[in-house]
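Okay, here's what each chain looks like letter by letter:
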Amino acid sequence: MENIVDFIPNPTLKGDQYIAGIWFPTQWFDSIQRRRLLIKHWFLGCTIYQFEHGDLLRFPTLRSCDCDNLEGWPLILENGILCSTQLPKKLFAKVADYHLILIIGNQMAMYHYDEAVIIDPAQWVDLAEYQLCTTETYAVNVVYDDVPDFMEQSKPLEQIFAGKMPLSSPLMQQYIEQLQKNAKQKQSNQQTNTPPHFQAAKKFRLIWIAYAFFVFLIFSHLFNLDLSSLYYGSFIDFNGSGFTYLIMCVIGLVTMKVIRKIIKFTNMVKQGEFDNVIEAKTFSYKIKNNDLPPNNNHSINSTIPARQRPKIINPSNWRKYLTVFALITKLSQLIAFRQGKYLETMLKKFEQGDLQDALRYAIPINDNACSTGQSFGVPKPRSKLSLSESIYGEASSIYLPPELIEHLNVLYRQSFDKLAKKNKIEDAVFVLVELLNNLNEALEFLVQHKRYAQAMELAITRDAEPELIVKLCCLANDWNQAIMIARRDNVFANTILLLEQEQPAIANKLRVEWAKTLADKAEWLAAIDAIWPLPEYRYLAEQWFSNTEKLNAKTIVKRFILMPDSIAELKTSLLSIKNNPDEHQLRFDIGKQILLHQQYIDKLRVLLHMFINIIIADAITYPNQLTRADIAKLIELTGDKALKFDIPISSLIMVKQHSLMDSIDLVKYHCPEMGYRAIHDMVALANGKYLVALGEAGILLVSKNGKQLAHFMIAAESFVISDNRLQVLALIKRDSYYRIHKVDLTTEKSVDLGLIKFQFCQRQFDGINWTIVNNNCIEVINIGSTLSVVWRVDLSPNKIEQGVRDELREIYVTRVIRNQKNKLEVFTFRLPQHRLSRRYDIKFIEDIYGTPYVGEYYGFFLDAELDIVFHLKYDKYKSRLMYKRDYQYQYIGIPLTISPEQLKHLIVLSSGLLTILLVKRDDGSGWDIHFYHYSTGTIKATIDWSGSCSLSGRCVGGQCYFYDDKGRLLHVNIKESEVTSFSI
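How each quantity is defined
Residues numbered from 1 in each chain as written. Predicted model: local features only at pLDDT ≥ 70, side-chain atom pairs only at ≥ 80, totals over all residues. Heavy atoms only, no water. Helix = DSSP H or I, 4+ residues; strand = E, 2+ residues; numbered from the N terminus. Buried < 20%, exposed > 50% of the residue type's maximum accessible area, 1.4 Å probe, protein only. Contact = heavy atoms within 4.5 Å. Areas by Shrake-Rupley, 256 points an atom, 1.4 Å probe, with all protein chains shown as cover. Axes fitted to C-alpha atoms, helices over the stretch in contact; angles between N-to-C directions. Parallel < 35°, antiparallel > 145°, perpendicular 65-115°, else oblique. Left-handed = near helix turned anticlockwise from the far one by under 90°. Nonpolar A, V, L, I, M, F, W, Y, C, P; charged D, E, K, R; others polar. Patch = residues over 30% accessible without salt bridge, like charges linked within 9 Å, V, L, I, M, F, W, Y side chains within 5 Å. Salt bridge = Lys/Arg side-chain N within 4 Å of Asp/Glu carboxyl O. Expected span 1.5 Å × (residues − 1). Pairing = 2+ DSSP bridges. pLDDT = per-residue confidence, 0-100.

- With an unreviewed UniProt entry as reference, the protein chain is termed MoxR-vWA-beta-propeller ternary system domain-containing protein, source organism Frischella japonica.

1. Focus: the overall build of the protein chain
Inference 1: Assigned secondary structure in the protein chain consists of 29 helices and 40 strands.
Inference 2: Counting the 984 residues in the protein chain, one finds 48% classified as buried.
Inference 3: Contacts in the protein chain between residues at least 24 apart in sequence constitute 55% of all its contacts with a sequence separation of at least 6.
Inference 4: A total accessible area of about 50,200 Å² is found for the protein chain, and carbon and sulfur atoms account for 53% of it.

2. Observations regarding the packing of helix α22 (residues 553-562) against helix α24 (residues 584-596)
Inference 1: Interaxial distance between α22 and α24 falls to 8 Å at its minimum, and their mutual angle equals 45 degrees. Between α22 and α24, the crossing angle belongs to the class labelled oblique. By crossing handedness, the relation of α22 to α24 is classed as right-handed. Only Leu 586, Asp 589, Ile 590, Gln 593 and Ile 594 of α24 make contact with α22, whose side of the interface consists of Ala 553, Lys 554, Ile 556 and Val 557.
Inference 2: Here the contact of α22 with α24 is composed, by residue class, of 6 nonpolar, 1 polar and 2 charged.

3. Thoughts on the environment of Lys 733
Inference 1: Along the polypeptide, Lys 733 turns up in strand β17 (residues 727-734).
Inference 2: You can call Lys 733 partly exposed: its relative accessible area is 42%.
Inference 3: It is 9.1 Å that separates the C-alpha atoms of Lys 733 and Leu 755, two residues lying 22 residues apart in sequence.
Inference 4: The residues touching Lys 733, leaving out its near neighbours within four places in the chain, are Glu 717 and Tyr 738.

4. Side note on a nonpolar patch on the surface
Inference 1: A cluster of nonpolar side chains, Tyr 18, Leu 62 and Leu 77, forms an exposed patch at the surface whose accessible area comes to about 330 Å².
Inference 2: Among the structural elements, Tyr 18 can be located in strand β2 (residues 16-25).

5. Notes on the pattern of salt bridges
Inference 1: A complete count under the given rule lists 27 salt bridges for this structure.
Inference 2: Residue Asp 723 is joined to Arg 805 by a salt bridge in which the shortest nitrogen-to-oxygen separation is 3.0 Å. Placement of Asp 723 in the loop between β16 (718-722) and β17 and of Arg 805 in strand β25 (residues 799-805) is noted, with a sequence separation of 82 residues between them.
Inference 3: According to the relative accessible area criterion, Asp 723 is partly exposed, its value standing at 21%.
Inference 4: Take Arg 805: its relative accessible area is 12%, and that puts it in the buried class.
Inference 5: Measuring nitrogen to oxygen at the nearest pair gives 3.9 Å for the salt bridge that ties Glu 810 to Arg 805.
Inference 6: Take Glu 810: its relative accessible area is 1%, and that puts it in the buried class.
Inference 7: Taken together, the shared-partner salt bridges connect Asp 681, Arg 763 and Arg 954 into one network.

6. Topic: helix α19 (residues 504-520)
Residue pairs three or four apart in sequence face the same way in an α-helix, which turns once every 3.6 residues.
Inference 1: Here α19 is 17 residues long and its end C-alpha atoms lie 24 Å apart, about the 24 Å a rise of 1.5 Å per residue gives.
Inference 2: Listed as buried for α19 are Ile 506, Ala 507, Leu 510, Arg 511, Val 512, Trp 514, Ala 515, Thr 517, Leu 518 and Ala 519.
Inference 3: On the buried face of α19, the contacting elements are α16 (466-475), α17 (479-489), α18 (492-499), α20 (524-531) and α21 (538-547).
Inference 4: Looking at the residues trailing α19, positive phi occurs at Ala 522, about 65 degrees.

7. A look at unusual backbone geometry
Inference 1: With omega at 5 degrees, the peptide bond leading from Ser 796 into Pro 797 counts as cis.
Inference 2: In the segment running from Leu 831 into Pro 832, the intervening peptide bond is cis, with an omega of 10 degrees.
Inference 3: Residue placement: Pro 832 occurs in the loop between β27 (821-830) and β28 (835-841).
Inference 4: The phi torsion at Asn 477 lies on the positive side, around 65 degrees, for a residue other than glycine.
Inference 5: At Ser 977, a residue that is not glycine, the phi angle is positive and equals roughly 50 degrees.
Inference 6: Along the chain, the position of Ser 977 falls in the loop between β39 (968-973) and β40 (978-983).
Inference 7: Overall, the relative accessible area of 30% leaves Ser 977 in the partly exposed class.

8. Examining the sheet that holds strand β14 (residues 699-702)
Inference 1: Taken in spatial order, the 4 strands line up as β12-β13-β14-β15 in an open sheet, and their pairing is antiparallel. Across the chains shown, the open sheet's two edge strands, defined by having one partner strand only, are β12 (681-684) and β15 (708-712). Taken pair by pair, the neighbouring strands of this sheet meet at an average axis angle of 20 degrees, ignoring direction.
Inference 2: Here 4 bridges tie strand β13 (residues 690-693) to β14, and the two strands are oriented antiparallel to one another. Bridge assignment links Ala 693 to a residue of β14, and that residue is Ile 699.

9. Here we look at the pairing of strand β26 (residues 809-818)
Inference 1: Counting buried residues in β26 gives 8 out of 10 residues, a clear majority hidden from the surface.
Inference 2: In this structure, β25 lies alongside β26, joined through 6 bridges in antiparallel fashion. Pairing of Gly 803 across the sheet is with Tyr 812, part of β26.
Inference 3: In textbook terms, the turn of a hairpin is the stretch between consecutive antiparallel strands, and for β25 and β26 this stretch comprises 3 residues.
Inference 4: Pairing geometry for β26 and β27, over 10 bridges, is antiparallel. Its bridge partner lying in β27, Ile 817 is registered against Asn 822.
Inference 5: Between β26 and β27, which follow one another and run antiparallel, lie 2 residues, and Asn 819 among them has a positive phi close to 55 degrees.

10. Some words on the sheet that holds β40
Inference 1: Taken together, the 4 strands give an open sheet; going across it, the order is β37-β38-β39-β40, and neighbouring strands pair in antiparallel fashion. The open sheet has two edge strands, β37 (951-956) and β40, and neither has a second partner. For this sheet the average axis-to-axis angle between neighbouring strands, irrespective of direction, equals 15 degrees.
Inference 2: Of the strand pairs in this sheet, β37 and strand β38 (residues 959-964) are connected by 6 bridges, and their pairing is antiparallel. The partner of Cys 955 across the bridge, within β38, is Cys 960.

11. Regarding the confidence of the model for the protein chain
Inference 1: In the predicted model, the protein chain carries a mean pLDDT of 76, and the fraction of residues at 70 or more is 70%.
Inference 2: Within the model, the stretch residues 190-204 combines pLDDT values under 50 with 17 contacts to residues more than four positions away or in other chains.
Inference 3: Scored below 50 in pLDDT, residues 269-313 shows 142 contacts in the model against residues more than four places distant or in partner chains.

Set out below in structure tokens:
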């Protein structure tokens, strides 16, 4: 039906509108074009009506759209009628019976749905040529109940030196077994909340009172004390018995304190109670019982020495009191006399030339470890010259003047020279390692005598530097162990430097393994740099170039440097990059890479001449990180003096890149429109693409516009992303196990790693080493063709609560019961060697002031970038969340009202200086996401996430991701203040 109308001034829609459908007329598009457009704009819930003069796509809900750039004719909903424009109210009565109204010139066309044919778009898709695939193969080849260990086989020292070192003492083995038994007893005592030393304290209380009375009677008798004088007021008489009584009380109190400490220490030894001691299992790094240092709560920046060096140990309290007691009672003179007699005997034996007997009496020097305190006993001579099995044991010390220490150093050096000349290798090593505490020199001494296997085992047992261990493994021809240790600790480069001068063949072999390891991590350009010095292996570099992204700035610059003959094929691509306005970020990256490789400017000058002008124009147009000094340096590298004078650097106004944290006003974002696939996880990749986990439906690789680029038929619910964002581990839970696939995004190949069981895992890994937590053990797993544990530490009795990681460190918060109180203890490990760098308790307000803070405990969260633990409490009176850092005493309120019901569903994330709060609305209509900047105490940005009951998020390296079960994804780049959103 058509009518003539001349009263509608704007017959079409303009700008952004909420539309309800699209009309594709036959006059504009043929049947094939209409079909493609319908499929392009169709989504779940849409209906297609095919009329004589066109096709109608009707949406289930209103959608926001730019009508000026829309393919087709936008339609709005007016009183339940689809219209091409807004109609006057007086026309509603005439068109109330129609479903579609179109204004064409001065004609009004009206249609009923009965006039059309409803089309199912599934009929347009032919699946006959597509092979159906399953997302899960249920034939499981490998199931890991316990991941096997790859350990440096640390042998006993007597085995290393072919039986020439004596066996360890049976008493020592019995003592270690007793400690293990006591540790189990301690755990059962903690469960009953009855500390043994508390019971012992009650038991000996009456003994202390009786002892005090006994001391009082003895001193009264010795000093002929007139007790009646105390009653008559002569207590302050310094010449009378009152002063004597005062001195007696002081001595008595000190003595009682000392005896109390001795009794407490004795009971702790009997019960195996040593607070702050972690029982560590001796796997690849050979961590000993006392390897982890004690708490340090004084400073947030406090660090501990590296593990291969002796740690700082605070003297025991009982030794302090006993030392004071010895000084007061002059017992120190007797102790010093006996120790002096032992030193005198030792020096006489050296003077007499009885070297074997003198070394038995020799005491170690040059030990960097702090002792537990003053030794009150006298050393005993050794039965044989033997090395101690552990370098981490605590020991007391004898304080000697510097002159005597220097004299002993000379004597030991002379002894070593004599033993070396007599070719007594084992005894000479004993002097260097045990007496002079010089492990590196001992290893060099063994290498000089070509005892590579002994040197390797000694280095492993004594926990030498990892690059030195790898070098000795290579010299001992133990390549399997050398490669595994080098992969674990990332010490290929340092080891090659140690070997390439004296052992070039071994260094080259290790270089090949290094390049292959980098290739396993998908670091193709680094692998090319590693293998390039070996001409016979450059064919591998050519293969690896094919795996890199051709239009990547690093790849382009690397080709110009290493393979200038192959750049002719890039000419078309380079011109496209130069002339495309959207590629400004890639041009910035090329400029940065040229600055990093300016030593090769002769090979890069052609590339620089091509892009210099457009880079300068981009720098004053688009946000970037280049400075005027960078632009001046690029102009200088061109060698074009005319360009240098034509462009005044001082007058250039650079457009700086601003972070989300720099924003002054509140920034508001909205979630994208609903899709139709549930999102389980997502990560942003290095090339502006995204990887999306769809559960059993597999994994999608999509562009930033949501366009599907690849589909991996691998079931995945969560991702573990590599540091270079080129590899992922896809995880999906099967009962109590996790099935793991490793996906290389550069080659689009995947490897099934089998099933493994763990409590939780780190969400990042370096490409070959991945950390999991299993039964309170932190385990580092080597990701190869099979899985193997290359490092492990048991934090028992601490229970691991949370863990986070970045490229520099791993942080774990543990809970432990100490003195009948729940304590939170933090462990920070430095990567890649997993050296413990910090260990401290989280201070609570209750611990400091003794009274509980007004509010309810909520929890804590970690930030790996800042190496900080935030403690949270909820103030129910003000309905807000309070937080404090681990070293602060005062809670700070977040300016955000949160109801008790919202607190139950609250999700807290952290990214540097920003804390992200995901708050579910009370009415269940959606979520509100708030970015709180704790340095300024303000909310920097909010995201309105409507129409979703389930929302998830994660933050990795300054990138925040949010996704839900409605197919909506949103990515916030905090550093560049850029937001990308789309639907699946």
